[in-house]
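A structural walkthrough
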Amino acid sequence: MENRTILLFGKSMLLTLVANSLAQNPNLHVIHETSWSEVVANAADCHPDVLIYDLDSSSESAILPLLYENPHLLLIGLDVETNRAMLIAGQETSSLTLERVKEIVESVTRLEQ
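Quick look at the structure, then.

Quick notes on the rules
- Residues numbered from 1 in each chain as written.
- Predicted model: local features only at pLDDT ≥ 70, side-chain atom pairs only at ≥ 80, totals over all residues.
- Heavy atoms only, no water.
- Buried < 20%, exposed > 50% of the residue type's maximum accessible area, 1.4 Å probe, protein only.
- Helix = DSSP H or I, 4+ residues; strand = E, 2+ residues; numbered from the N terminus.
- Arc of directions from axis to C-beta.
- Core = buried A, V, L, I, M, F, W, Y, C linked by side-chain atoms within 4.5 Å.

Brief notes about helix 2 (residues 36-46)
- Where helix 2 is concerned, the buried positions are V39, N42 and A43. Buried residues of helix 2, seen end-on, are gathered within an arc of 105° and therefore sit on one face of the element. Of the exposed residues in helix 2, the ones pointing more than 90 degrees away from its buried face are A44 and D45.
- Directly after helix 2, the chain includes H47, whose backbone phi takes a positive value near 45°.

A look at the nonpolar core
- Counting 13 residues, the largest nonpolar core has L7, V39, L51, Y53, L66, L73 and L75 as its most contacted members.
- Listed by contribution, the elements that provide at least two residues to this core are strand 1 (4-9), helix 2, strand 3 (50-54) and helix 3 (60-69).
- The element contributing the most residues to this core is helix 3, with three residues.
- Counting residues in hydrophobic clusters, the runner-up holds eight residues, among them L8, A19, I52 and L78.

Note that every value here comes from positions in space, so none of it alone points to a role or purpose.
Below, the structure written as structure tokens:
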């Protein structure tokens, strides 16, 4: 199995627990940072598969450029106060048609049901 790189950003206890739990998997390379500049540097160096971050410790204006530079990256924002997770995937398509937009919307709505 191919190793995956998981990058975590934030200072919450939840994020620390998630990092420690994921680190138990030998197929995952887990990096936990509390500095945004280190997140950006690690993203450029090791091209993580997933970025898990505290929603309250970052803004989308900082996160979205990282997604643009790493379109394969799956972003998972954790909100400790509301006990929710937000997923953002930067998947791209080179030939976007109305039919393809419809398929994407339908697949997302099926997931939520």
